[in-house]
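# Observations on the model geometry
Residue strings, one per chain:
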Amino acid sequence: MNWIEFDGSSEKIPVGKILCLGRNYSEHAREMHAETPEAPVVFLKPSTALLHEGGKIVIPSFSHDVHHEVELVVAIGKTGSHIAVDRAMEYVSGYAVGLDMTLRDVQSEAKKKSLPWSVAKGFDTSAPISRFVSANKIRDPHNLDMTLRVNGSVRQHSNTSKMIFKIDFTISYLSSIFTLEEGDLIFTGTPEGVGGVVAGDLLEAELESVGWLRVSMQ
Ligand code: MG
């Protein structure tokens with residue numbers, strides 16, 4: 001499942017790294033009783049975590065509390081490291097809407113023990129993603145309404161203008177640590193309203209001008 005597609009093309013682009021930001025919206029940091037970060041909170045998912053339109057999220061048997069986190073996802077279009085902020089947007093090939101599915105019980109336990117989040121964040125099907133829209137079709141990625149519905153009810157609704165670390169800064173920052181390559185993805189963090197989902201639930205994510213994603217819980 002480790003590929004993405006762009007609107008208007010059937011080409012499957014292989015995905016390398018999936019870099020993710022935590023606590024990138026202050027209202028979400030608040031609901032998690034976490035501090036607003038002074039530097040980006042970064043974690044990774046493996047590319048095998050991707051799930052495409054119409055797919056089913058499978059919760060590992062050891063978790064009983066999986067949360068939805070709707071996010072703007074950025075695709076990188078070319079190789080770069082130590083990218084300057086004012087050149088960073090040249091490295092974006094497109095945008096999608098994605099879900100950073102999180103085993104909240106497993107994550108809470110890891111936080112308590114100061115252990116990594118990889119299991120809570122990187123399990124198979126933990127990264128549902130829509131098709132991508134070319135970057136040149138989005139005039140301002142920092143002003144897009146974002147909504148997540150569960151069984152038709154709105155659970156999360158915000159706007160990408162509320163991101164703490166903007167896309168150009170994030171790309172510059174990440175590229176000073178990880179060489180970015182074509183097909184790498186960046187999940188840019190979720191706004192407030194995260195919550196649990198259970199077997200049979202239908203999740204519908206929408207990002208203005210970008211598109212839709214529908215997946216369900218097995
Ligand atoms: Mg997230």
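For the structure given in this document, a descriptive report is provided here. In every chain, residue numbers begin from 1 and rise along the written sequence. Side-chain atom pairs in this predicted model are given and counted only at pLDDT of 80 or more, local residue features only at pLDDT of at least 70, and totals for whole chains, interfaces and linings cover all residues. Values reported for side chains reflect all heavy atoms of the structure, with hydrogen atoms and water molecules removed beforehand.

With that out of the way, let us pick up the nonpolar core. Counting residues in each nonpolar core, the largest one holds 42 residues, and the members touching the most others are Tyr95, Leu99, Met101, Ile167, Ile171 and Leu203. Helix numbering and strand numbering both begin at the N terminus, where a helix is a DSSP run of H or I of at least 4 residues and a strand a DSSP run of E of at least 2. Of all elements in the fold, only β8 (70-76), β9 (92-99), β13 (145-150), α4 (167-175), β17 (202-207) and β18 (211-217) reach the threshold of two or more residues within this core. In this analysis, two residues are considered to be in contact whenever any of their non-hydrogen atoms come within 4.5 Å of each other. Setting aside residues up to four positions removed in sequence, Ile167 forms contacts with Leu72, Val74, Met89, Val92, Tyr95, Pro141 and His142. The next biggest cluster of nonpolar side chains, apart from the first, holds 19 residues, and it includes Ile4, Ala75, Ala96 and Leu185. Nine residue types can take part in a nonpolar core, namely buried Ala, Val, Leu, Ile, Met, Phe, Trp, Tyr and Cys, and a core is a set of them joined through side-chain atoms within 4.5 Å. Working definition: with a 1.4 Å probe on protein chains only, accessible area under 20% of the residue-type maximum means buried, over 50% means exposed, and in between means partly exposed.

What follows is about the coordination of the magnesium ion. Donor selection uses N, O and S atoms within 2.8 Å of the metal (3.2 Å for Na, K and Ca). Since no water is included, sites may look incomplete. Each protein donor to the magnesium ion is listed here as Glu69 (OE), Glu71 (OE) and Asp100 (OD); together their distances run 2.0 to 2.1 Å. When the donors of the magnesium ion are listed by position in the chain, the intervening gaps give E-x1-E-x28-D. With a gap of 29 residues between them, Glu71 in strand β8 and Asp100 in the loop between β9 and β10 (102-103) connect regions that are remote in the sequence.

A word on the sheet that holds β13. Between any two strands, pairing holds if DSSP finds at least two bridges. Read across the sheet, 5 strands follow the order β6-β18-β17-β13-β14 without closing on themselves; strand pairing throughout is mixed. Of all the strands in the sheet, the pair left with one neighbour each is β6 (56-57) and β14 (153-159). In this structure, β13 lies alongside β17, joined through 5 bridges in antiparallel fashion. Among the inter-strand pairings, Arg149 is bridged to a residue of β17, identified as Glu204.

The sheet built from 3 strands is open, its strands ordered β10-β7-β16 with antiparallel pairing. This sheet does not close on itself; its edge strands, each paired only once, are β10 and β16 (195-197). Summarising the sheet, strand β7 (residues 66-68) and β16 pair through 3 bridges and their orientation is antiparallel. Paired with His68 across the bridge in β16 is Gly195.

Mapping Thr147 onto the fold places it in strand β13. A relative accessible area of 7% places Thr147 in the buried class. There is a polar contact of 2.8 Å between the side chain of Thr147 and the side chain of His157. When residues no more than four places from it in sequence are discounted, the contact partners of Thr147 are Val70, Val154, Gln156, His157, Glu204, Ala205 and Glu206. The term polar contact refers here to a pair of N or O atoms within 3.5 Å; inside protein, the definition further demands a hydrogen-donor-capable atom paired with an acceptor-capable atom, and it admits residues adjacent in sequence only when both atoms are side-chain atoms.

In this section: the environment of Asn2. Within the fold, Asn2 resides in the segment before β1 (3-4). For Asn2, a relative accessible area of 34% gives the class partly exposed. Through-space distance from the C-alpha of Asn2 to that of Leu50 is 6.0 Å; in sequence the pair is 48 residues apart. Apart from the residues lying within four places of it in its own chain, the contact partners of Asn2 are Ile13, Pro14, Val15, Ser47, Thr48 and Leu50.

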